[in-house]
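What follows is each chain in one-letter form.
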Amino acid sequence: PVQLLGRALAEGYVFQGQLSQHSGAARGEPSGHLPPTAFVSFLQNHDQTGNRALGERLSALAAAPRLDALYACLLLSPHIPMLFMGEEFAASAPFLYFCDFDGALAQAVSEGRRNEFRHFAAFVDPAARARIPDPNAASTHAQCTLAWAERDASPHRERLALVRSLLALRREHLVPRLAGPMQGGRSLGQGERLHVQWRLADGTLWEIAAQLGDAPCALQAAPGARVVHASHVQPSGWSVLVTHGR
């Protein structure tokens, strides 16, 4: 949900002591007092990708406009951003679970990997599980090799250009304002509307507003605020506006 994303951006952790529906125990601890630079944030990492049965990356699962909006929120938040290898150009190579074992251990890992997914609807059928790549097969590792030439072809070059431009904005407008004491931010959004504010180390009020849904929504900067990044800010879905002011 968008408002949980807002809480994560503003305060670092979503779960700060609430009961987990899965375990019934309290999960997490308060984090809103910590500076945003205490957190490393990302849209995907090796665990989330490699633990999928077929190792699909987000760029294979979500439409580009949605990811473009989320990359703006990631790379222009005061958190420390992390990009997984090839993510910066929407690499088409999957990232599968692979290893290099021998004998009984290799067989146990291969069988165990496939059996992990037997409770998933898509892999109830043993024939479907058999299509999950064998972690010990050299071909499984080979599939994960990045095709660097993709960076010059569409749609990969467009994603790379966006990431580079967002990182340049971060370096120019945000990083110089992070040196010094800070506390967490505030999440003010509702529904599909994300709105997070942080008071940075130099006193600047940094704001990210985004419409993370298909419904059109007009985004407007506060009076006197300077626009750092704006995409689809006229009434539209999946739009982002990043500003700073006093």
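Here, every reference points to the structure presented above.
Quick notes on the rules
- Residues numbered from 1 in each chain as written.
- Predicted model: local features only at pLDDT ≥ 70, side-chain atom pairs only at ≥ 80, totals over all residues.
- Heavy atoms only, no water.
- Axes fitted to C-alpha atoms, helices over the stretch in contact; angles between N-to-C directions.
- Helix = DSSP H or I, 4+ residues; strand = E, 2+ residues; numbered from the N terminus.
- Parallel < 35°, antiparallel > 145°, perpendicular 65-115°, else oblique.
- Left-handed = near helix turned anticlockwise from the far one by under 90°.
- Contact = heavy atoms within 4.5 Å.
- Nonpolar A, V, L, I, M, F, W, Y, C, P; charged D, E, K, R; others polar.
- Salt bridge = Lys/Arg side-chain N within 4 Å of Asp/Glu carboxyl O.
- Buried < 20%, exposed > 50% of the residue type's maximum accessible area, 1.4 Å probe, protein only.
- Pairing = 2+ DSSP bridges.

### Things to note about the packing of helix H3 (residues 64–75) against helix H7 (residues 156–174)
- Taken N-terminus to C-terminus, the directions of H3 and H7 make an angle of 20 degrees; their axes are 10 Å apart at the nearest point. Here H7 runs roughly parallel to H3, going by the angle between their axes. Considering the relative orientation of H3 and H7, their crossing is right-handed. Between H3 and H7, the contacting residues are Ala-64, Leu-67, Asp-68, Tyr-71, Ala-72, Leu-74 and Leu-75 on the first element and Arg-159, Leu-162, Val-163, Leu-166, Leu-167 and Arg-170 on the second.
- For the contact of H3 with H7, the class distribution of residues is ten nonpolar, no polar and three charged.

### A closer look at the pattern of salt bridges
- Per the counting criterion, the structure on display carries seven salt bridges.
- Here Arg-52 and Glu-56 are joined by a salt bridge, their closest N and O atoms 2.9 Å apart.
- Classification of Arg-52 as partly exposed rests on a relative accessible area of 35%.
- We classify Glu-56 as partly exposed; its relative accessible area is 25%.
- The salt bridge partner of Asp-68 is Arg-159, with a shortest N-O separation of 3.2 Å. Residue Asp-68 is located in helix H3, and its partner Arg-159 is located in helix H7; the two are separated by 91 residues in the primary sequence.
- Assessed through its relative accessible area of 29%, Asp-68 is described here as partly exposed.

### Details of the sheet that holds strand E9 (residues 239–245)
- The five strands are arranged E5-E6-E7-E9-E8 in an open sheet whose pairing can be described as antiparallel. Edge positions in the open sheet fall to strand E5 (186–187) and strand E8 (226–231), since each of these has one partner strand only.
- Pairing of strand E7 (residues 205–211) with E9 involves seven bridges; the strand directions are antiparallel. Among the inter-strand pairings, Trp-206 is bridged to a residue of E9, identified as His-244.

### Some remarks on unusual backbone geometry
- In this structure, Pro-155 follows Ser-154 across a cis peptide bond, with omega equal to 5 degrees.
- With a phi close to 55 degrees, Trp-238 is a non-glycine residue in the positive phi region.
- Secondary-structure assignment places Trp-238 in the loop between E8 and E9.

### Digging into the environment of Gln-220
- Here Gln-220 shows up in the loop between E7 and E8.
- Gln-220 sits 21 residues away from Leu-241 along the chain, and the two C-alpha atoms are 7.6 Å apart.

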